[in-house]
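# Per-entry structural report
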Amino acid sequence: MLSANRSASGLVFALLSAATFGISGPLGKSLLEAGWTPGAVVGGRVGLAALVMALPAAWMMRGQWSRLRGGVALMAAYGAIAIALCQFFYFNAVARMSPPVALMLEYLAPIILVGWAWLRTRHRPGTLTILGTVTAMLGLVLVLDLMSAQHVDPVGVLWGVAAAVCLAVYFVLSAKSDGVLPPLVTVAGGWCPGP
């Protein structure tokens, strides 16, 4: 019964996360069009998130504050790369292109990880992994509409790829964070140094 409750609450959190993430690009684009800089958009998002996350994280750590020492480096890397730089690069891409195109570029992160693992281990990925990678690249080409006369901003593409690299680092950091601190505390700690 406990496992079913955890699964249901996990699904609710995943849907809530997807919904709030889905509005971040259009909301950020409207702020950019209103005169905000990409840095100001990121600062506003990071500051608001830090405020929202601080109390639940503090409540989770009550009586366990000594555990924070083991996670400081992880939280700092998470805050600098996975939160601040990733968003800064993404919103610089959004400033030059539409949010869906910038997001598709950012979502090259899994492909970057597959390539990195292949180079590092010298072991070819499985056929299904390669097919998924090729499908993702074809989807990216379709979204960018590279075959039409539509202008794709090369600087915006570079910003989007930089965001993808940061997202890939986020995935690596998430894999290394198991057991160091509760996930909510790691995330909250990353949001706090971000501004």
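What counts, and at which threshold
- Residues numbered from 1 in each chain as written.
- Predicted model: local features only at pLDDT ≥ 70, side-chain atom pairs only at ≥ 80, totals over all residues.
- Heavy atoms only, no water.
- Helix = DSSP H or I, 4+ residues; strand = E, 2+ residues; numbered from the N terminus.
- Buried < 20%, exposed > 50% of the residue type's maximum accessible area, 1.4 Å probe, protein only.
- Contact = heavy atoms within 4.5 Å.
- Areas by Shrake-Rupley, 256 points an atom, 1.4 Å probe, with all protein chains shown as cover.
- Salt bridge = Lys/Arg side-chain N within 4 Å of Asp/Glu carboxyl O.
- Polar contact = N/O pair within 3.5 Å; in protein donor to acceptor, adjacent residues only side chain to side chain.
- pLDDT = per-residue confidence, 0-100.
- Core = buried A, V, L, I, M, F, W, Y, C linked by side-chain atoms within 4.5 Å.

This part is about the overall build of the protein chain. Counting secondary structure elements, the protein chain contains eight helices and zero strands. Starting at the N terminus and ending at the C terminus, the protein chain contains elements arranged as α-α-α-α-α-α-α-α. Residues classed as buried in the protein chain amount to 31% of the 195 residues present. Of all intrachain contacts in the protein chain linking residues separated by at least 6 positions in sequence, the fraction that spans at least 24 positions is 83%. For the protein chain, the accessible surface area stands at approximately 11700 Å², while carbon and sulfur atoms represent 73% of it.

Along the chain, Ala77 falls in helix α3 (residues 68–96). Separated by 113 residues in the primary sequence, Ala77 and Gly190 have C-alpha atoms spaced 7.6 Å apart.

The next point concerns the pattern of salt bridges. All chains considered together, the criterion is met by one salt bridge. Asp153 serves as the salt-bridge partner of Arg96, at 3.7 Å between the closest nitrogen and oxygen. Of this pair, Arg96 sits in helix α3 while Asp153 sits in the loop between α6 (127–144) and α7 (154–176), placing them 57 residues apart in sequence. Assessed through its relative accessible area of 15%, Asp153 is described here as buried.

With that out of the way, let us pick up the side chain of Asn92. Mapped onto the fold, Asn92 is located in helix α3. Only 2.9 Å separates the side chain of Asn92 from the backbone oxygen of Phe88, close enough to count as a polar contact.

In this structure, Glu106 sits in helix α4 (residues 99–106). With residues up to four places along the chain from it excluded, the contact list for Glu106 reads Cys86, Tyr90, Gly160, Ala163, Ala164 and Leu167.

A few words now on the confidence of the model for the protein chain. Caution applies to low-pLDDT parts of the model: their predicted coordinates are not meant to be read in detail. Of all residues in the protein chain, 86% attain a pLDDT of 70 or more, and the chain-wide mean is 78. The weakest mean pLDDT in the protein chain belongs to helix α1 (residues 2–33) at 71; the strongest belongs to α7 at 88.

What follows deals with the nonpolar core. In terms of nonpolar packing, the biggest core is built from 28 residues, with Tyr90, Phe91, Val94, Leu105 and Leu108 touching the most fellow members. Elements represented by at least two residues in this core include exactly α2 (38–61), α3, α4, α5 (109–121) and α7. Examining the composition of this core, we find that 10 residues originate from one element, α3, more than from any other. Listed in part, the seven residues of the second largest apolar core include Met53, Ala57, Leu181 and Val185.

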